[in-house]
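# Analysis of the macromolecular model
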Amino acid sequence: MALKHATPMLDELEKGPWPSFVTDVKRLAAKGNKMCEDWLGLMELSFKDKETHWKHGGIVGVLGYGGGVIGRYADRPDLFPGVAHFHTVRVNQPSAKYYTTDVLRKICDLWDARGSGLTNMHGSTGDIVLLGTTTDQLEPLFYDLTHDLGMDLGGSGSNMRTPEGCLGKSRCEWSCIDTQEIIHDITMEYQDALHRPMFPYKFKFKASGCPCDCVAAIARSDCSIIGTWRDKIRIDQEAVRAYVGGELSPHAGAGGTEKRAFDIKEEVLDLCPTRCMDWDGKNLKIWDEDCTRCMHCIRVMPRALRPGVDTGASILVGAKAPILEGAQLSSLVIPFMKMEPPFGEFKEFVEKMWDWWMEQGKNRERLGETIQRLTLREFLKVCDLSADPRMVSTPRYNPYIFYDPADVPGGWEHDEKAFRERHQA
Amino acid sequence: MAFDPKNLMKDRITDIGPPKFDQFFPPVIKENFGKWKYHEILEPGVLVHVSESGAEIHTVRVGTGRLISTDLIRDVCEIADKYCGGHLRWTTRNNIEFLVSDKSKLQPLIDDLRSRGNWFPIGGTGNSVTNIVHTQGWAHCHTPAIDASGPVKAVMDELYEYFGSHKLPAQVRIALACCLNMCGAVHCSDIAILGVHRKPPFVEHERVQNVCEIPLVIASCPTAAIKPKKVNDMKSVEINNSRCMFCGNCYTMCPALPLANQDGDGISLWVGGKVSNVINPPMFSKLAVPFIPQEPPRWESTVSAVKKILETYAAGARRYERVGDWINRIGWERFFEQSGLEFGYEHIDDYRLAMMTWRTTTQFKF
Amino acid sequence: MSEESKERILEYVKSQKKTKHYFNDLCKAIPEIKMMQAKKIVNELVNEGKLKYWSSGSTTMYMLPSEGDVDKEEKGMN
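Residues numbered from 1 in each chain as written. Chains lettered and ligands numbered in written order. Predicted model: local features only at pLDDT ≥ 70, side-chain atom pairs only at ≥ 80, totals over all residues. Heavy atoms only, no water.

Attention now goes to the overall build of chain A. A count of helices and strands for chain A gives 15 helices and 15 strands. Dimensions along the principal axes, computed over C-alpha positions, put chain A at roughly 95 × 75 × 45 Å. Across the 425 residues of chain A, 62% fall into the buried class. (Helix = DSSP H or I, 4+ residues; strand = E, 2+ residues; numbered from the N terminus. Buried < 20%, exposed > 50% of the residue type's maximum accessible area, 1.4 Å probe, protein only.)

This part covers the state of the cysteines. Among covalent bonds in proteins, the disulfide is the one between the sulfur atoms of two cysteines. Residue and element names in this part refer to chain B. A full pass over the atoms with the stated rule returns one disulfide over all chains. Here Cys212 connects covalently by a disulfide to Cys254, the sulfurs 2.0 Å from one another. Handedness of the Cys212-Cys254 disulfide follows from its S-S torsion of about 65 degrees: it is right-handed. Taken as a pair, Cys212 in the loop between α6 (205-211) and α7 (214-220) and Cys254 in the loop between α8 (249-253) and β12 (266-271) lie far apart in primary sequence, 42 residues in all. Like Cys254, Cys212 is buried. Here Cys178 is not disulfide-linked; the sulfur of Cys141 is the nearest cysteine sulfur, at 5.0 Å. (Disulfide = S-S within 2.5 Å.)

Evaluation of the coordinates by the stated rule reveals 34 aromatic pairs over all chains. On the basis of an interplanar angle of 80 degrees and a centroid distance of 4.8 Å, the ring pair of Tyr98 of chain A and Phe25 of chain B is categorised as edge-to-face. Here Tyr98 of chain A, found in strand β4 (residues 98-100), pairs with Phe25 of chain B, found in the segment before α1 (27-32), and the two come from separate chains. For Phe25 of chain B, a relative accessible area of 5% gives the class buried. (Phe/Tyr/Trp six-rings, centres within 6.5 Å; stacked < 30°, edge-to-face > 60°.)

So, about the interface of chain C and chain B. How big an interface is tends to be stated in terms of accessible area lost as the parts join. Taken together, the nine residues of chain C in the interface contact nine residues of chain B. Between chain C and chain B, the buried area comes to about 790 Å², and carbon and sulfur atoms account for 57% of it. Counting across the chain C and chain B interface gives one salt bridge. Here Glu213 of chain B makes a salt bridge to Lys20 of chain C, at a shortest N to O gap of 3.7 Å. The interface formed by chain C and chain B holds one residue pair in polar contact (both at pLDDT 80 or more) in total. For the side of chain C that touches chain B, a count of residues per class yields two nonpolar, three polar and four charged. (Contact = heavy atoms within 4.5 Å. Buried area = accessible area lost by both parts, 1.4 Å probe. Salt bridge = Lys/Arg side-chain N within 4 Å of Asp/Glu carboxyl O. Polar contact = N/O pair within 3.5 Å; in protein donor to acceptor, adjacent residues only side chain to side chain. Nonpolar A, V, L, I, M, F, W, Y, C, P; charged D, E, K, R; others polar.)

Here we take up a negative patch on the surface. Where like charges cluster on the molecular surface, the negative patch consists of Glu345, Glu348, Glu351, Asp355 and Glu359 of chain A. Note on placement: Glu345 of chain A falls in helix α12 (residues 344-360). (Patch = residues over 30% accessible without salt bridge, like charges linked within 9 Å, V, L, I, M, F, W, Y side chains within 5 Å. Areas by Shrake-Rupley, 256 points an atom, 1.4 Å probe, with all protein chains shown as cover. Lys, Arg positive; Asp, Glu negative; His and termini not counted. Charge placed at Lys NZ, Arg CZ, Asp CG, Glu CD.)

Before going further, it helps to examine the packing of helix α10 (residues 323-330) of chain B against helix α11 (residues 332-339) of chain B. Residue and element names in this part refer to chain B. Where α10 contacts α11, the axes come no closer than 6 Å and their chain directions differ by 110 degrees. Comparing the axis directions of α10 and α11 gives the class roughly perpendicular. Contacts between α10 and α11 involve Trp326, Ile327, Asn328 and Ile330 from the former and Trp332, Arg334, Phe335 and Gln338 from the latter. Class assignment of the residues belonging to the contact of α10 with α11 gives a composition of five nonpolar, two polar and one charged. (Axes fitted to C-alpha atoms, helices over the stretch in contact; angles between N-to-C directions. Parallel < 35°, antiparallel > 145°, perpendicular 65-115°, else oblique.)

Before going further, it helps to spend a moment on α12 of chain A. Taking 1.5 Å of rise per residue, 17 residues should cover 24 Å, and α12 of chain A covers 24 Å from first to last C-alpha, within 8% of that figure. Within the span of α12 of chain A, buried status applies to Phe346, Lys347, Phe349, Val350, Met353, Trp354, Trp356, Trp357 and Met358 of chain A. (Expected span 1.5 Å × (residues − 1).)

Turning to the sheet that holds strand β13 (residues 286-293) of chain B, a few remarks are in order. Within a sheet, neighbouring strands are paired by backbone hydrogen bonds and run either parallel or antiparallel to one another. All names here are of chain B. A sheet is described by the order of its strands in space; here five strands give the open sequence β7-β8-β9-β12-β13, paired in mixed fashion. Edge positions in the open sheet fall to β7 (133-134) and β13, since each of these has one partner strand only. As judged from the five bridges shared by β12 and β13, these two strands associate in the antiparallel manner. Bridging across to β13, Gly266 finds its partner in Pro293. (Pairing = 2+ DSSP bridges.)

A separate point is the side chain of Thr125 of chain B. Residue and element names in this part refer to chain B. You can see Thr125 is positioned in the loop between α3 (106-114) and β7. On the basis of relative accessibility, which here comes to 2%, the residue Thr125 falls in the buried class. A distance of 2.8 Å separates a polar atom in the side chain of Thr125 from the backbone nitrogen of Gly45. Polar contacts involving the side chain of Thr125 include one to the side chain of His166, which spans 2.9 Å.

Here we take up the domain arrangement of chain A. As far as domains go, chain A holds domain 1 (8-148), domain 2 (185-202 + 317-407) and domain 3 (234-306). The centre of domain 2 of chain A, based on its C-alpha atoms, is set 36 Å off from the matching centre of domain 3 of chain A. (Domains from an automatic or database assignment.)

With that settled, the discussion passes to helix α5 (residues 138-148) of chain A. Residue and element names in this part refer to chain A. Counting buried positions along α5 gives ten out of eleven residues, so the element sits mostly inside the fold. Within the span of α5, buried status applies to Leu138, Glu139, Pro140, Leu141, Phe142, Tyr143, Asp144, Leu145, Thr146 and His147. Taken from the residues just after α5, Gly150 is the one with a positive phi, measuring 65 degrees.

For the rest of this paragraph, the subject is the confidence of the model for chain B. Low pLDDT marks regions whose predicted coordinates should not be analysed in detail. In the predicted model, chain B carries a mean pLDDT of 96, and the fraction of residues at 70 or more is 100%. On the interface metric, ipTM, the complex scores 0.96, and its pTM is 0.96. (pLDDT = per-residue confidence, 0-100.)

Chain A puts 131 residues into the contact, and the matching count from chain B is 127 residues. Between chain A and chain B the total buried area reaches about 11,500 Å² when both faces are included, carbon and sulfur atoms providing 59% of it. Put simply, chain A and chain B have 13 salt bridges between them. Residue Lys20 of chain B is joined to Glu181 of chain A by a salt bridge in which the shortest nitrogen-to-oxygen separation is 3.5 Å. Put simply, chain A and chain B have 68 residue pairs in polar contact (both at pLDDT 80 or more) between them. In terms of residue class, the side of chain A that touches chain B is made up of 58 nonpolar, 38 polar and 35 charged. Across three bridges, strand β5 (residues 118-121) of chain A lies against strand β4 (residues 67-69) of chain B in antiparallel orientation. Looking at the pairing, Leu118 of chain A lines up with Ser69 of chain B of β4 of chain B.

The topology assignment puts Thr370 of chain A in helix α13 (residues 367-374). Excluding its chain neighbours within four sequence positions, the residues that come into contact with Thr370 of chain A are Trp356, Trp357, Gln360, Gly361, Glu365 and Thr375 of chain A.

All names here are of chain A. Read from one edge of the open sheet, five strands run β7-β8-β9-β14-β15, paired in mixed fashion. Bordering the open sheet on either side are β7 (164-165) and β15 (331-337), each of which pairs with just one other strand. As judged from the four bridges shared by strand β8 (residues 205-208) and strand β9 (residues 223-229), these two strands associate in the parallel manner. Bridge pairing in β9 links Ala207 to Ile225.

Below is the structure:
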């Protein structure tokens, strides 16, 4: 069956070995899905014009919610009426994105009935993104979502955004914290902040189970929770010898699964950033007090080395993409914190941080920018955190210290009389 | 209970959050939660995780588009029902992981996936180029400078052999954001493809007072580049073009300030970023190519520049070196020399803290 | 107490020239109240239909239901 619009340019993207979104959408369009037909037409027009054909609209969600829906309208409804209104719905994903086919089919049924059938699995923040529906479908969709699927909307706008974590302990031997539980718990605890805006701008939590940071928490979350340990790397000396002897493939096969000679000095010891390891031909020795837990040795010899057992999280804050003050990575503010349910100590910290940011943050200022403007010292003080050399890569090298008068004997007052008794004018 | 459009509050459920994750676990994951001992990549895209109990779970990772239809999800469900007891997950990078509890079904699953044309490429593990994370582009965004799904498809077609193999020195993470708002953060990627606008918005004076609230438009500009201006008898605004940073915020507030432009907009490439703490700390991506014109439908110049960077890295880097580690070792002067990319004024930072990136030593390579 | 605060917020919004307001603009109308508490009051105003949300996608603002261009946008006229 011929589709409504010819798409010679898009058709070029049906070629090649990588999966083609064009073939995928055309398949749906061919079943009579009018929205997909017009979406293809609009996309083809963009390919021709090299410009987008979408406009923004200010709708935000369903009744009582201040987020979860992004309003979208085509700027050529005359040509493509099927996508004249084409709003996005963000659905909060289950932690670490495990599904059964049963729940996925329910999502598909819901979205085929109430929208375009196009999705993102998943959006950048982690939500299930349903692309393209009309305003009149939003409330019924939300009703079905909450009643039939037991699911809810995710965040958008000046809300806490949908938290996201790596798969953690469910299938990773390196995870030092239960990222899924942490993310689920934060999401549930702060539903109001997720659904009803109160912040100066967006606020993101991300949790990674180890310093490999598979969800990029350190680069893209206002509060990054990264698993770590403070005792010793666990060593199975026999397995170390097996790697050295070429019996096990190094790097868990990540660099090729074929058996090959393995030079432990070159591939592990010399690449250790703190040179805290030694190999005497029989045993591996690690000076754990010098280890900065970079994970390299563990990644290269996963059957021999494992993170320690006294585990918790390092908490860093303030990462963001460039708008406005330039990109920032998160900065370490809590070197180590135990992370066990119900995460009381962590939430106390979060609420102090939010109180301060809500009071002090300017509109559209991410936490990292507020900290930059008002100083890390101020942030640490309001969060009741003491200064620690672990928080800096180097102490300051400018001499402009803004002293607190409380720390100087007599504050900022001088005894003018006594001064003049010592010194003539 | 059914939806009643006349009474939205009837039986309304709110703030229930996502379903608890563990109800979707396959039994072997539930039983071995927190007990995993080690994993191994058996071949590109195929992993086994082994528990302290000796239990195993096999995973087959496949690439998909980020933009997928319910039809495709249903196909995925059919496969997962057949081989995985209905269990699967998505990764952060838009890959699907089929979770195989019954080892006898592993090979049949792999064979099945391979028999389905180009729908389900297996790979994305270890020292590969895994799936490109990206934003909406022309598919659904109102401020993109470039498309997203199109260039991603074109680049992945070209780098396909690196998705299903482990022949690179380390993993290479590529990301695409269609404008510098970066709703998908790309600033710490081995190779980042970033859309840039180069023309500030133009002002449709006769529309502004009808469709925009001028105080809000002025307030929306992060660099305070917009001022009120009367044009003839119309209330409008003027833009200090030299202060424009091309974020599109004003266009969001005021559709009479369009900034998209087929000639002004294009692609920039950034290299050497990473997020992991492995060996070296996380790094930002740095500018490699300031501007490549848009070339739908196959983006040939972008594709070949990305490939050139990747293959120069693959040829020059040592085992375990990420792109940024490699460049730090050889130096940027060598990077530009070896990759054949041009270095120009655009590469020299002139924003805040720019001097942190200038060379303050006599040490360099001729 | 909270009824009075609600009134003050609405009066503030009505007195302004612009129609869309940030959350912390609304808080200016009730400076003695902590923001976490103010949030609850604003939520109530939204639930009662006396304020509504507007979002740019990345930031969210509040406006009076009588004002605004949502309907116009709906018709694709914006």
